[in-house]
Amino acid sequence: MSDNRNEAEARSTAASKPPLDPHLKALENEAIHIFREVAAEFERPVMLYSIGKDSSVLLHLARKAFHPGRVPFPLLHVNTGWKFAEMIAFRDEIVKRYDLDLIEHVNPRGAAENVTPFTHGSARYTDIMKTEALRQALDAGKYDAAFGGARRDEEASRAKERIYSFRTPDHRWDPRNQRPELWNIYNGMINRGESVRAFPLSNWTEVDIWRYIQAENIPIVPLYFAEKRPYIERDGMMILAEDPRLELLPGETKQEGLIRFRTLGCFPLTGAIRSTATTLDDIISELETATVSERQGRAIDRDQSGSMEKKKREGYF
Amino acid sequence: MTASATATVAAFPAVETERASRDSRPLRLITCGSVDDGKSTLIGRLLWDTKAVKEDQAATLQRDSSGKQNDLGLPDFALLLDGLQAEREQGITIDVAYRYFSTDRRSFIVADTPGHEQYTRNMATGASTADLAVLLVDARTGILEQTRRHATIATLMGIRQFVLAVNKIDLTGYDRARFEEISHEFKELALSLGVKQITAIPVSALKGENVVYDGRASMPWYEGPTLVETLEKATVRSNQTVGFRLPVQRVSRPGESFRGYQGTVAGGAVKPGDSVVVLPSGMVANVKQIVTFDLVRNAAVAGDAITLVLDRQVDVSRGDMIVSIDSQPMTGRKFDAQIVAMQPEGIEPGKRYWLKSGSRRQRVTVAPASQLDLKSGKWNAAEALPMNAIGKVALTFDEQAIFDTYEQNRTTGAFILIDPDTHNTIAGGMITGRHSELGGIHKGDERVILSLPADLADKLMATEIFASRRHDAEVRHTNAGRAAELLADLDE
């Protein structure tokens, strides 16, 4: 565990915390409002929890929204089996610490057909292990509302996403047939089998996420902070070389360097960046001068422009 | 118009512009204009020059646009903005998209809406949350009927700050007289709608002049602010100066000892000890505690998401509203409202819809009375409202309803209508008052004709009194001699 995380935990008693600036406060208020509205209007909500920084913020806001009560819905982690080991350790600790209900789902086809990011290619792998797995888990739980941490600034097709995003019984998203969304009045009326994905972080940007993590001392996976780590270079990405399942291809060599991750997903598909940012301050100042977007490290977005929209139509979050 | 090249035509400096700083809430704005006005280029330019677009996104753009660049070697901004494949194929923007950018002083949320006529509903959606509207015109064509339509919709949705971006000014050879002519015409239009804060800016979105960076090199005659400077100084509307309102979203009962009412303060402020009324029951109680995750607070204001604890057992459930005892909202079963119809089936008179306002959902029938003709600005009698129509309606509820006027409170005066068959949102609406059988321009009640100097009439129409009843007044411009003749005719 990195020093930063321990430091953040040590400071996590909120008593002496300065008040949030009006910008973050407005975003927080909006998110809490959405959490409460969904929890009140739907019968079986669930929160998608991916362990990343956005999920960490989402969870923190959920705890705030329902305080002094418990978070009144379970967390769903769609696991691919290829997450960074540190993510899983972090997840288990958080669930225990905050007394949360966690549901973990892995697509059984993954093991049965030996689906891996190496053998099936990133597009096919993501389709089976993430999109299909998510549909299975949502069907199994009969959830009528699922919270997600998606932000509109992440990707072009997200810019038109509603805060309540309506989905058909087979989880499809029809970008041409979305309900108008006015003021902060959300239409939660659905028929049985239909569902809504709710996005409390819609109006947050990446910088807001980091500034909020800092202001609220929210624990995050240490992989976000720069550390000397082993990696290999593949397809122009730096892949973390810690997992024994990563086989080196001819010409690849393990190297070591000061690296960190801007987003976290499946380790073979997530590229690191070279960075000396070891504190939240460093990360924020690095971000403010960054010239590439955070999704640049994600292999799945690069298949082709518009690929996220395709995945969303098929039920990807 | 005066010879001043500073086209900041804020007619009334009465509303204090707060000192912009990073310590302010995000400014929400809407951009209105047609494809031809260069709206995508303007927004693209804003994102580009504030560095909200990163290199890899631009690289994707350049790959997509396959050489489609403008003559300055920049990528085709429209591709960056039109995020959905369906739209790219059709080459038009068909929905509301939200964009984010920030400067050192403030962050901004832009609702980017299409300018095409049939998409009134999208503009209304984008305008519902906006504090300010940027209206875009082509300097060569000037104010169009469309500009008038957009300004009217923005005003109806409660926007009271306009920025006119006179784009493509480079194509007029930076013609100052042309700019002033357009600004003047727009000022008259805005004032006739009651909008007081107006800034007109000559802009070249393509060249990046007066958007983020100033255009002094090309337009030394313009000494006013750039678009971004104007946005940095704009005011964010809040409901803090009106009576306390807490629409109850849910009741929190984690144990026998605690009972808290959770919701977002929709107006005014509250502190422990305040006397409050629970509506619609009318039960009275005092505030015992304001609970939040961080600490027990000694006050909460409009916008805060809180948990309120009262000093006694009262029956409160989701959909109720907790309000200050000395400044209560209207309650009743009949209200007047203005609505925007948003679905192909329109609004059917006599049909029972669901109405949702705050956390309260109830049955309502809607009786259309008139429809706004966006060309003339006149309200014509109507019995049904088709998609994209803006209408005045009477609402009749099965049970007590609770509202403020939209003019007084943009949260407790707003609602949506939901079709019980399709569950779709079919209209957005704004409460104008308790239902009155009289009133309106087509009714036979008594009227007064006034003849005033034009500037005085403009000022009068821009006051708060007229803000909610503007459409009850008819204004005609003429000269003093003709006015005297007209009045003389009436005396005969």
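Just so it is clear, the model here is predicted, and its values are computed rather than measured.

Asker: What's the story with the overall build of chain B in this structure? I'm lost.
Answerer: Secondary structure summary: chain B contains eleven helices and 23 strands in total. A buried classification covers 56% of the 492 residues belonging to chain B. Of the accessible surface of chain B, which amounts to about 21000 Å², a share of 49% is contributed by carbon and sulfur atoms.

Asker: What am I meant to see in the overall build of chain A here?
Answerer: Helix and strand counts for chain A come out as nine helices and ten strands. Taking the intrachain contacts of chain A between residues at least 6 apart in sequence as the baseline, contacts between residues at least 24 apart amount to 75%. Accessible area of chain A: about 11900 Å², with a carbon and sulfur share of 49%.

Asker: Quick question: what am I supposed to make of helix 7 (residues 206-216) of chain A here?
Answerer: Given 3.6 residues to a turn, an α-helix orients residues that are three or four positions apart in the same direction. Residue and element names in this part refer to chain A. Across the eleven residues of helix 7, nine count as buried, placing the element largely inside the fold. Those residues of helix 7 that fall on the buried side of the exposure criterion are E206, V207, D208, I209, W210, R211, Y212, I213 and E216. Structurally, helix 7 contributes buried residues whose contacts are with helix 2 (22-41), helix 3 (53-66) and helix 8 (280-288). Where helix 7 terminates, the next one or two residues include N217, which has phi positive at roughly 50°.

Asker: Help me out: how do you make sense of the sheet that holds strand 10 (residues 273-274) of chain A in this one?
Answerer: All names here are of chain A. In spatial order, the strands read 8-7-9-10; together these four strands make up an open sheet with antiparallel pairing. Bordering the open sheet on either side are strand 8 (237-240) and strand 10, each of which pairs with just one other strand. When strand 7 (residues 227-234) meets strand 9 (residues 255-260), the two strands line up antiparallel, connected through five bridges. If you follow R229 over to strand 9, its bridge partner there is G257.

Asker: How should a nonpolar patch on the surface be read in this particular structure?
Answerer: Taken together, the side chains of V448, L450, L452, L456 and L460 of chain B make up a nonpolar region of the molecular surface, amounting to roughly 470 Å² of accessible area. Its location among the elements puts L456 of chain B in helix 9 (residues 454-461).

Asker: Just checking my understanding: could you explain the side chain of N210 of chain B for this structure?
Answerer: Residues and elements named next belong to chain B. In this structure, N210 sits in the loop between strand 6 (197-202) and helix 8 (227-233). In this structure N210 comes out as buried when scored by relative accessible area, which is 3%. If near-sequence neighbours (up to four positions away) are discounted, N210 is found in contact with I201, P202, V203, G215, M219, Y222, T226 and L227.

Asker: Can you help me understand the packing of aromatic side chains in this one?
Answerer: Two numbers describe a pair of aromatic rings. These are the distance of the centres and the angle of the planes. Residues and elements named next belong to chain A. Under the criterion given, the structure shown has 22 aromatic pairs over all chains. Centroid distance F66 to F73: 5.7 Å. Interplanar angle 85°. Geometry classified as edge-to-face. Overall, F73 belongs to the buried group, its relative accessible area being 3%. Ring centres of W82 and F267 lie 6.0 Å apart, and the angle between their planes is 40°; this geometry places the pair in the tilted category.

Asker: Is there a simple way to think about the pairing of strand 1 (residues 27-32) of chain B in this case?
Answerer: Residues in a regular strand project their side chains so that they alternate between the two faces of the sheet. Residue and element names in this part refer to chain B. For strand 1, the buried fraction is high: six of the six residues fall into the buried class. What you see with strand 1 is no split at all: L27, L29 and T31 on one side and R28, I30 and C32 on the other are buried throughout. Across five bridges, strand 1 lies against strand 3 (residues 107-112) in parallel orientation. Note on strand 3: the bridge partner recorded for R28 is I109. One ladder, built from four bridges, connects strand 1 with strand 4 (residues 132-138); its direction is parallel. The residue bridging T31 from the neighbouring strand is V134, located in strand 4.

Asker: How should I be thinking about the confidence of the model for chain B in this particular structure?
Answerer: Parts of the model with low pLDDT should not have their predicted coordinates read in detail. On average, chain B scores 84 in pLDDT, and the residues at 70 or more come to 82%. This model gives residues 1-21 of chain B a pLDDT under 50, and the stretch forms 45 contacts once residues within four places in sequence are excluded.

Asker: Explanation requested: the environment of T31 of chain B in the structure shown.
Answerer: Residues and elements named next belong to chain B. Mapped onto the elements, T31 comes out in strand 1. Linking T31 and L135, residues 104 residues apart in sequence, is a C-alpha distance of 6.0 Å. The residues contacting T31, other than those within four sequence positions of it, are K39, I43, V110, A111, D112, T113 and V134.

Asker: What is the right way to look at the pattern of salt bridges in this model?
Answerer: A side chain with one charge may pair with a side chain of the opposite charge, provided their charged atoms come close. Residues and elements named next belong to chain B. Following the criterion strictly, the structure yields 49 salt bridges over all chains and no others. The residue E180 makes a salt bridge to R176 at a minimum N-O spacing of 3.2 Å. With E180 and R176 both in helix 7 (residues 176-192) and four residues apart, this pair spans about one turn of that helix. On the basis of relative accessibility, which here comes to 32%, the residue R176 falls in the partly exposed class.

Asker: When you look at the environment of E227 of chain A in this model, what are you seeing that I'm missing?
Answerer: Note on placement: E227 of chain A falls in strand 7. In sequence terms E227 of chain A and L258 of chain A are 31 residues apart; their C-alpha atoms lie 5.1 Å from each other.

Asker: Could you clarify how one ought to interpret the environment of L264 of chain A in this entry?
Answerer: Among the structural elements, L264 of chain A can be located in the loop between strand 9 and strand 10. C-alpha separation for the pair L264 of chain A and K83 of chain A, spaced 181 residues apart in sequence, amounts to 8.2 Å.

Asker: I would appreciate a short explanation of unusual backbone geometry in the present structure.
Answerer: Comment: phi is negative for the bulk of residues other than glycine, and the bulk of peptide bonds are trans. Residue and element names in this part refer to chain A. Cis geometry marks the peptide bond from H67 to P68; its omega dihedral reads 5°. Mapped onto the elements, P68 comes out in the loop between helix 3 and strand 2 (75-78). With phi around 50°, N114 is a residue other than glycine that occupies positive phi space. Following the sequence through the fold, N114 ends up in the loop between helix 5 (108-112) and helix 6 (117-141). One non-glycine residue with positive phi stands out, namely W183, at about 50°. For W183, the location among the structural elements is in the loop between strand 5 (164-167) and strand 6 (195-198).

Asker: Can you walk me through the packing of helix 3 of chain A against helix 7 of chain A in this structure?
Answerer: Residue and element names in this part refer to chain A. Close contact between helix 3 and helix 7 brings their axes to 10 Å; oriented N to C, the two are set at 55°. As judged from the angle between their axes, helix 3 and helix 7 are oblique. The handedness of the crossing between helix 3 and helix 7 comes out as left-handed. Along the contact surface, helix 3 presents K53, D54, V57, H60, L61 and K64, while helix 7 presents E206, I209, W210, Y212, I213 and E216.

Asker: Explain the packing of helix 2 of chain A against helix 7 of chain A here, please?
Answerer: To characterise two packed helices, one gives the angle between the axes of the helices and the distance between these axes. Residue and element names in this part refer to chain A. Orientation of helix 2 relative to helix 7, taken along the N-to-C sense of each, is 95°, at an axis distance of 11 Å. Taken as axis vectors, helix 2 and helix 7 run roughly perpendicular relative to one another. For the pair formed by helix 2 and helix 7, the contact residues are H23, L24, L27 and E28 on the first element and D208, R211, Y212, A215 and E216 on the second. Considered class by class, the residues forming the contact of helix 2 with helix 7 number four nonpolar, one polar and four charged.

Asker: How should I be thinking about the sheet that holds strand 3 of chain B in this particular structure?
Answerer: Paired through backbone hydrogen bonds, the strands of a sheet run either parallel or antiparallel to each other. Residue and element names in this part refer to chain B. Read from one edge of the open sheet, six strands run 2-3-1-4-5-6, paired in mixed fashion. Edge strands, defined here as strands with exactly one partner in the open sheet, are strand 2 (97-102) and strand 6. Across this sheet, the average inter-strand angle for adjacent strands is 25°, counted without regard to direction. With six bridges joining them, strand 2 and strand 3 adopt antiparallel strand pairing. Within the sheet, the bridge partner assigned to Y100 lies in strand 3 and is I109. Packing against the sheet, helix 5 (residues 120-128) makes contact with strand 1, strand 2 and strand 3, and its axis sits at approximately 160° to strand 1.

Definitions and cut-offs
- Residues numbered from 1 in each chain as written.
- Chains lettered and ligands numbered in written order.
- Predicted model: local features only at pLDDT ≥ 70, side-chain atom pairs only at ≥ 80, totals over all residues.
- Heavy atoms only, no water.
- Helix = DSSP H or I, 4+ residues; strand = E, 2+ residues; numbered from the N terminus.
- Buried < 20%, exposed > 50% of the residue type's maximum accessible area, 1.4 Å probe, protein only.
- Areas by Shrake-Rupley, 256 points an atom, 1.4 Å probe, with all protein chains shown as cover.
- Contact = heavy atoms within 4.5 Å.
- Pairing = 2+ DSSP bridges.
- Patch = residues over 30% accessible without salt bridge, like charges linked within 9 Å, V, L, I, M, F, W, Y side chains within 5 Å.
- Salt bridge = Lys/Arg side-chain N within 4 Å of Asp/Glu carboxyl O.
- Phe/Tyr/Trp six-rings, centres within 6.5 Å; stacked < 30°, edge-to-face > 60°.
- pLDDT = per-residue confidence, 0-100.
- Axes fitted to C-alpha atoms, helices over the stretch in contact; angles between N-to-C directions.
- Parallel < 35°, antiparallel > 145°, perpendicular 65-115°, else oblique.
- Left-handed = near helix turned anticlockwise from the far one by under 90°.
- Nonpolar A, V, L, I, M, F, W, Y, C, P; charged D, E, K, R; others polar.

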